[in-house]
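Residues per chain are reported as follows:
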Amino acid sequence: MALSRPLSAEANISLARLLHLDLPLLVGLCLLAGVGLVVLYSAGGQDPAIVARQLVRLALGFGAMGIFAQISPHYLERAAPWVYGMGVLLLLAVLVAGDVGKGAQRWLNLGVLRFQPAEVMKMAMPMAISWLLAAGTLPPRLGRLLLAAFMLLIPVFLIVRQPDLGTALLVAAAGAFVLLLAGMSWWIIGLLLAALAALAPLVWHLLRDYQRDRVLMFLNPESDPLGAGYHIIQSKIAIGSGGLYGKGWLNGTQAHLDFIPERHTDFIFAVLAEEFGLVGEILLLLLYLFVVARGLYIANQSITSYGRLLAGSLTLTFFVYVFVNLGMVSGLLPVVGVPLPLISYGGTSLVTLMAAFGILMSVQAHSKYSLCS
Amino acid sequence: MAGLRLTSVLKDPLREARIFQDRAVVALMGAMVLLALVGLRLFYLQVISHEHFQTLSRDNRVKIAPIPPTRGLIYDRNGVPLAENLPTFSLEIVPDQVANLPATLDELAKIVDINSVDRKRFLRQVKQRRRFEAVPLRFHLTEEEVARFAVQRPRFPGVDIEARLTRHYPLGELTSHTVGYVARISEWELRHLDSASYAGSSHVGKVGVEHFYEEQLHGKVGYEQVEINAQGRSLRVLSRTPPVSGTDLYLYLDIRLQAAAEAALGDNTGAVVALDTKNGGLLALVSKPGYDPNPFVNGIDGKSYRALQNDASRPLLNRALRGQYPPGSTIKPFVTLAGVEHGLVSGNKGVYCPGFYRISGEEHKYRCWKHGGHGAVDLNRAIIESCDVFYYSLAADLGIDRLDDYMGRFGFGSKTGVDISGELGGLMPSREWKRVTRNQIWYPGETIITGIGQGFMSATPLQLAFATATLANRGLPIQPHILYASAEPHSRVLRVYQPKVQEPVPMHKVGYWDRIIQAMADVVHSSSGTAKRISPGLTYRMAGKTGTSQVFGLGQDEKYVKEHIPKNLWDHALFIAFAPVEDPRIAVAVIAEHAGSGGAMAAPIARQVVDAYLLGEKE
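Fair warning: this is a prediction, and the values are worked out from it, not measured in the lab.

(A) Just the overall build of chain A, in detail. When helices and strands are counted, chain A shows 14 helices and 3 strands. Once local pairs closer than 6 in sequence are excluded, the contacts in chain A between residues at least 24 apart make up 72%.

Right, here's the structure in full:
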């Protein structure tokens, strides 16, 4: 297909184009990864081994991105229901035969590697909902919306049962963003939000004790400063004491004296905030905003509805990661175990995330050819 | 285009693209709003509340740790250490960092020897101190125990070995009643001591010089700002205000003389006090039996303490300062001076002693110690032979008011104010005293026996020595003092104590000082003196006065026969002395409880002490 493209003055084929890579997005992601490595070096106690391991993961992530960038959205559309179905089966398998880690049954042990099927669902969900909605007219009709809601709730329910509330919310958000971008009526959106608010007490009732604790701690962390409130209090102290310009790289006392919990994973932003201050944070936020804007721009460039919906929802899911993590670390949201994309130390989520960016790049690469063909 | 179609309705690509674009713009704006929200939150935390969090962050990582000052040392006049600080290893626990204290103690007991006494004391202190302060569990760890614990240390977070200085009294029993001792701060003291200056200190002076000079010896506490991590372990010192060590004290005490005095007392229960007549310096202060102060430093165990407390010879009682004895005949020189001052005694005036004294119109006989009587007695013989009748008569003539007043000038009935804690003041009875304490009137007979230092009157050995020194100085009292000088740590400069001279004893017939002193010299040197048995071999002249004070009263016609009476009712043997007569340098008071006669039992002790002082130096 690629070779059928007409040669023109513009067709100055760069390597990036050849590899289906979107240069601005790639630069944004590399900058984020670079910032992540710098902060990680400090947060990990200046241990080069940690940075090296993260570099390997980043390489894997960017590799996954490169691979997914080559897959035409067309194939992703066709594969969507199968991927979704397999994801649901895997989630069922976890509930039956999964490994238990940290009090939750989230892991599936395949002998060579352990992985969380919920991660697959983060991709499968937007793929499947986009597939369902793009098949019909947009804005979607009620019947299709109900079908979409059903497809959305099954995996979410299974993930909640693990229990992994954080991932369940992210997966649900990924699906919901497709509905939003597909043009679901604002009336329905308003009604759903109202219904959610009404159901909140019921949800509260269904939450496990530790989940309730987290919410309560979020509301009043000082009630148990050495217990459940410790994380958030120490995180706020780290951020607040950083001030405008920060204490300087490698000089964060909260970070280096072990006061920040999970400081190289979920709470890594607190380390950055302490050492680089408000100025450093604003730069990071702008970088994230750029990636999100570029992602939405790419989505908008797509010629197919499926490409638009998938690229758009993946971008917004990425943003939700960022926002939930920042909100948690700065005390705006309850503590939910969500890593900060591209900055936090960690493997599985990084690969999924980069695969999503690969899809975005594929959408970008294929949109223009579709136009011309 | 291929694709799984679930509907046959025609799609409108342009409309769908427009819908998406609208929604994408809304989403992007939403994202920007949310990021702005995060930005505002960060602005609030980092700019508006920055100072608050900066303080919290600082409090997190910086711990103020008190550094206890090194306690001042105590030396005798020649620089012999009497109280020193020895480095010892102790096992300390920060309760805050230990999850299960009883279990940890059980585990520790498998490594080092921890008895129930250690355990009880530790748990008591844990309640008294703040949770994050280290509390010692065991002192004086052996090197083997230190090594055993060091290997296991990772198993015991919050438990550590500390090298500390522990107070030690190298001479033990010899100085227990002067230097005293320090011990752990009690709950009561914890409430009354300045908590800031005692932060980090675990010991405080309890008795003796250690207690009296607590403020100087303790020093000033220092502080260290330490950076700690989240687990509370100290990482590095940020700043340090060093503690100021306590002042070193040099005492008048001459430890050789102290040892000689203790040896001289032998197995007697009693006390010896020796004063430098020139400056009131306390040369020796012995109370026997003594006790070893060292076990008290880190908390004596209950059994040993009860044994000391229940000991019939009462080793914990400081007899020199707190033993209140009837002074007996030792006060006769002072009573004589009272008579001289009031014109009742003069060189040629005598009293006839038939062996007893009787108040006119009464039947009761006040007996002289000499059964047949002394016959005609003047003031010289009265002192030399210690005639009781002379003093019965003199006391009756003086009356209790004048006697009480004049004796008071020599310090009887009031504390000397010596700089050792715990002194008692003895008793010089008066009409007023009897009315206030017993609500009774004063009887003339009580004046009679007060004249020979019996009855209500009591005095401590220190008071007797003080009065003797005053007499030796011809009426010039110099307050007894044990501190000779103090020196700031690591400084050779001594701040020498200035002796306090008190108001002179009135005596308008100045020549009588010499007469009385001459008579006292004859107590030792004349063939009829009551202490004549110590004169052989004396190379200097000594003035003294014997005393044999009754512990119980004899019936009117009973005779005191030592052999027929249980030992605990034997008379107390007393002797006061100073020497050389021509230029007195030392004044001594000796009491040997239930030893018998003063001349036979107490005087030889006094001579040994004076010999050691006057002759020992020349060696």
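Next comes the rest of the write-up.
(B) The overall build of chain B, seen in detail. Counting its secondary structure elements, chain B contains 20 helices and 21 strands. Burial statistics for chain B: of 619 residues in total, 43% are counted as buried. Long-range pairs, those at least 24 residues apart, make up 73% of the contacts in chain B with a sequence separation of at least 6.

(C) Local environment of the interface of chain A and chain B. Listed by partner, the interface residues are 44 residues for chain A and 39 residues for chain B. Considering each element in turn, the side of chain A that touches chain B owes the most residues, 12 residues, to helix 12 (residues 268-301) of chain A. A per-class count over the side of chain A that touches chain B returns 24 nonpolar, 15 polar and 5 charged.

(D) Just the packing of helix 2 (residues 23-43) of chain A against helix 3 (residues 48-70) of chain A, in detail. All names here are of chain A. Running from N to C, helix 2 and helix 3 cross one another at 160°; their axes reach a closest spacing of 9 Å. When the axes of helix 2 and helix 3 are compared, the pair comes out roughly antiparallel. For the pair helix 2 and helix 3, the sense of crossing is right-handed. In this structure, helix 2 contributes Ala33, Leu37, Leu40 and Tyr41 to the contact, and helix 3 contributes Ile50, Val51, Gln54 and Leu58. For the contact of helix 2 with helix 3, the residue count by class is 7 nonpolar, 1 polar and no charged.

(E) Summary view of the sheet that holds strand 19 (residues 543-549) of chain B. Residues and elements named next belong to chain B. In spatial order, the strands read 12-11-21-20-19; together these 5 strands make up an open sheet with antiparallel pairing. The outermost strands of the open sheet, each flanked by one partner alone, are strand 12 (282-288) and strand 19. Averaged over all pairs of adjacent strands, the angle between strand axes in this sheet comes to 5°, irrespective of strand direction. Sheet analysis places strand 20 (residues 572-579) next to strand 21 (residues 586-592), joined by 7 bridges and oriented antiparallel. Its bridge partner lying in strand 21, Phe575 is registered against Val590. Against the sheet, helix 9 (residues 255-265) contacts strand 11 (270-276), strand 12 and strand 21, and its axis sits at roughly 35° relative to strand 12. Contacts from helix 18 (residues 461-472) reach strand 11, strand 20 and strand 21, with the element oriented near 150° to strand 21.

(F) Highlighting the environment of Leu132 of chain A. All names here are of chain A. Here Leu132 is to be found in helix 5 (residues 117-134). Sequence spacing of Leu132 and Ala148 is 16 residues, and the spatial spacing of their C-alpha atoms is 7.0 Å. Leu132 has contacts with Arg144, Leu147, Ala148 and Met151, leaving out every residue within four places of it along the chain.

(G) Quick look at unusual backbone geometry. The step from Leu138 of chain A to Pro139 of chain A runs through a cis peptide bond, and the omega angle for that step is -5°. Ala579 of chain B connects to Pro580 of chain B through a cis peptide bond whose omega is -15°. Checked against the element boundaries, Pro580 of chain B lands in the loop between strand 20 and strand 21. Of note in this structure, Arg314 of chain B is not a glycine but carries a positive phi near 50°. Not every positive phi belongs to a glycine, and Asn439 of chain B is a case in point at roughly 55°. Within the secondary structure, Asn439 of chain B sits in the loop between helix 16 (431-438) and helix 17 (444-450). The exposure class of Asn439 of chain B is exposed, given the 7 C-beta atoms found within 10 Å.

(H) Region of interest: helix 4 (residues 73-97) of chain A. All names here are of chain A. The end-to-end C-alpha separation of helix 4 is 33 Å, in line with the 36 Å expected for 25 residues at 1.5 Å each. Along helix 4, the largest kink reaches about 50° and is centred on Ala79; proline Pro81 follows within four residues of it. Those residues of helix 4 that fall on the buried side of the exposure criterion are Pro73, Leu76, Glu77, Ala80, Tyr84, Gly87, Leu90, Leu91 and Val94.

(I) Main features of the environment of Leu123 of chain B. By secondary structure assignment, the location of Leu123 of chain B is in helix 4 (residues 116-128). A sequence separation of 14 residues divides Leu123 of chain B from Leu137 of chain B, and the C-alpha atoms of the two residues are 8.7 Å apart.

(J) Structural detail: the packing of helix 10 (residues 230-242) of chain A against helix 1 (residues 13-48) of chain B. Closest axis-to-axis distance for the helix 10 of chain A/helix 1 of chain B pair is 6 Å, and the angle between their directions is 70°. As summarised for this structure, helix 10 of chain A and helix 1 of chain B are arranged roughly perpendicular, according to the angle between their axes. Here Lys236, Ile239, Gly240 and Gly242 of chain A of helix 10 of chain A lie close against helix 1 of chain B, whose contacting residues are Leu42, Leu45 and Gln46 of chain B. Residue composition of the contact of helix 10 of chain A with helix 1 of chain B, grouped by class: 3 nonpolar, 3 polar and 1 charged.

(K) The arrangement of the pairing of strand 10 (residues 248-251) of chain B in detail. Residue and element names in this part refer to chain B. Neither face of strand 10 is exposed, since Asp248 and Tyr250 on one face and Leu249 and Leu251 on the opposite face are all buried. The pairing of strand 2 (residues 74-75) with strand 10 spans 2 bridges and is classified as parallel. Bridge pairing links Tyr75 to Tyr250 in strand 10. Pairing of strand 10 with strand 17 (residues 483-487), which is carried by 4 bridges, proceeds in the antiparallel orientation.

(L) Layout of the sheet that holds strand 9 (residues 234-241) of chain B. All names here are of chain B. Read from one edge of the open sheet, 3 strands run 1-8-9, paired in antiparallel fashion. Looking along the sheet, the strands with just one partner apiece sit at the ends: strand 1 (62-67) and strand 9. Strand-to-strand twist of the sheet, defined as the mean angle between neighbouring strand axes without regard to direction, takes the value 30°. Where strand 1 meets strand 8 (residues 222-228), 6 bridges bridge the pair, whose relative direction is antiparallel. Residue Ile64 lies in a different strand from strand 8, and its bridge partner there is Gln225.

(M) The arrangement of the nonpolar core in detail. Core analysis: the biggest nonpolar cluster contains 134 residues, and Val272, Ala274, Val588, Ala602 and Val609 of chain B have the highest contact counts within it. In terms of residue count, the dominant contributor to this core is helix 15 (residues 388-409) of chain B (11 residues). Those residues within four positions of Val588 of chain B in sequence are excluded, and the remaining contacts are Val272, Ala274, Ala465, Ile576, Ala577, Ala606, Val609 and Val610 of chain B. Ranked by size, the runner-up nonpolar core spans 121 residues in total, among them Ala148, Leu152, Tyr321 and Ala355 of chain A.

(N) View of the confidence of the model for chain B. For chain B, the mean per-residue pLDDT works out to 87, and 95% of the residues sit at or above 70. Both confidence scores are given for the complex: pTM 0.66, ipTM 0.90.

(O) Broad picture of the confidence of the model for chain A. For chain A, mean pLDDT is 84; residues scoring 70 or higher make up 88% of the total. Across residues 1-9 of chain A, confidence stays below pLDDT 50; counting only partners more than four residues off in sequence or on other chains, it has 6 contacts.

(P) Highlighting the environment of Val418 of chain B. Residues and elements named next belong to chain B. Following the sequence through the fold, Val418 ends up in the loop between helix 15 and helix 16. As for Val418 and Pro480, which are separated by 62 residues in sequence, their C-alpha atoms are 5.3 Å apart. Setting aside its immediate chain neighbours within four residues, Val418 contacts Leu282, Glu423, Leu462, Pro480, His481 and Ile482.

About the thresholds
- Residues numbered from 1 in each chain as written.
- Chains lettered and ligands numbered in written order.
- Predicted model: local features only at pLDDT ≥ 70, side-chain atom pairs only at ≥ 80, totals over all residues.
- Helix = DSSP H or I, 4+ residues; strand = E, 2+ residues; numbered from the N terminus.
- Contact = placed C-beta atoms within 7 Å.
- Buried ≥ 20, exposed ≤ 12 C-beta atoms within 10 Å, placed from the backbone.
- Nonpolar A, V, L, I, M, F, W, Y, C, P; charged D, E, K, R; others polar.
- Axes fitted to C-alpha atoms, helices over the stretch in contact; angles between N-to-C directions.
- Parallel < 35°, antiparallel > 145°, perpendicular 65-115°, else oblique.
- Left-handed = near helix turned anticlockwise from the far one by under 90°.
- Pairing = 2+ DSSP bridges.
- Expected span 1.5 Å × (residues − 1).
- Bend = angle between axes of the 7 residues up to and from the residue.
- Core = buried A, V, L, I, M, F, W, Y, C linked by C-beta atoms within 7 Å.
- pLDDT = per-residue confidence, 0-100.

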